[in-house]
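# Report on the structure
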Amino acid sequence: MQQQLTVELVLSPERSLPVPALLAYCPEDPYAVHVTFHVGQDSPVTWVFARELLVEGVFRACGTGDVRIWPTRADGRSRICLALSSPAGEALLEASAAPVATWLEQTLRVVPTGTESSVMDLDAELTALLDGE
């Protein structure tokens, strides 16, 4: 399941740039969400992190290290901030909270929190990992 949206790459308190993004969730990888940013380069940039981190970040500040998420309000609208850090640099992105929350709700209907392990074939995953696949 996917959701296209435009996020704002915050360059300074006064300036930001719109960036097309794609939220993706696959029930076969139930713990993770994928966020792909199309930043005008030859290939898009994809970040993968815990779905639970994004769920929590809709309500309160969370995360440490490479991915931090928190809710905020700007111009009377609910927003979600996403701070990403890597050896290549750092980025602060803002998105409207409504489409993110709606998309998350859809993922939770497909695979509710706490049932993720029931949709995974852990034996197959371990075999593939040990076989180097």
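The following refers to the structure shown.

Quick notes on the rules
All residue numbers refer to position in the chain's written sequence, counted from 1. The predicted nature of this model means local features are confined to residues of pLDDT at least 70 and side-chain atom pairs, given and counted, to a pLDDT of 80 or more, with totals for whole chains, interfaces and linings taken over all residues. Hydrogen atoms and water are omitted, and side-chain values are computed over all heavy atoms in the structure. A 1.4 Å probe that fits into a set of points on a 1 Å grid over the protein atoms alone but cannot get out defines a cavity; an open set with protein on both sides within 12 Å along at least five of seven lines defines a pocket, and lining residues are those with an atom within 4 Å of a point. Grid points are joined across faces, edges and corners, and a volume is the space filled by probe spheres set on the points. Secondary structure elements follow DSSP: runs of H or I of four or more residues count as helices, runs of E of two or more count as strands, with numbering from the N terminus. Asp, Glu, Lys and Arg are counted as charged, while Ala, Val, Leu, Ile, Met, Phe, Trp, Tyr, Cys and Pro are counted as nonpolar; the rest, among them Gly, fall into the polar class. One bridge is not enough; two strands pair if DSSP finds at least two bridges between them. Orientation is described by lines fitted to C-alpha atoms, with helices fitted over the stretch in contact, and by angles between N-to-C directions that extend from 0 to 180 degrees. When a residue's accessible area, from a 1.4 Å probe over protein chains only, is under 20% of the maximum for its type it is buried; when over 50% it is exposed; and in between it is partly exposed. For this analysis, residues touch if any pair of their heavy atoms sits within 4.5 Å.

### Things to note about empty space enclosed by the protein
A probe matching the size of a water molecule, rolled over the atoms, marks out where space remains unfilled. If you walk through the whole model with that rule in mind, you get 1 cavity of 30 Å³ or more. Here the largest cavity defines a volume of roughly 150 Å³. Taken together, 14 residues line the largest cavity, and the ones lying closest to its centre are V7, L23, L82, A95 and V100. Elements with a contribution of two residues or more to the lining of the largest cavity: β1 (2-12), β3 (32-37), β6 (77-86) and β7 (89-96). The element best represented in the lining of the largest cavity is β7, accounting for 3 residues. For the lining of the largest cavity, the per-class residue count stands at 13 nonpolar, no polar and 1 charged.

### Quick word on the sheet that holds β3
Taken together, the 7 strands give an open sheet; going across it, the order is β4-β3-β2-β1-β7-β6-β5, and neighbouring strands pair in antiparallel fashion. Each end of this open sheet is capped by a strand with a single partner; those strands are β4 (45-50) and β5 (67-74). Strand-to-strand twist across the sheet, computed as the mean angle between neighbouring axes with direction ignored, equals 30 degrees. Here strand β2 (residues 15-24) pairs with β3 via 4 bridges, running antiparallel. For A24, the partnering residue across the bridge sits in β3 and is H34.

### Observations regarding helix α1 (residues 51-59)
Of the positions making up α1, those classed as buried are R51, L53, L54, V55, G57 and V58. The secondary structure elements touched by the buried residues of α1 are β3, β4, β5, β6 and α2 (97-110).

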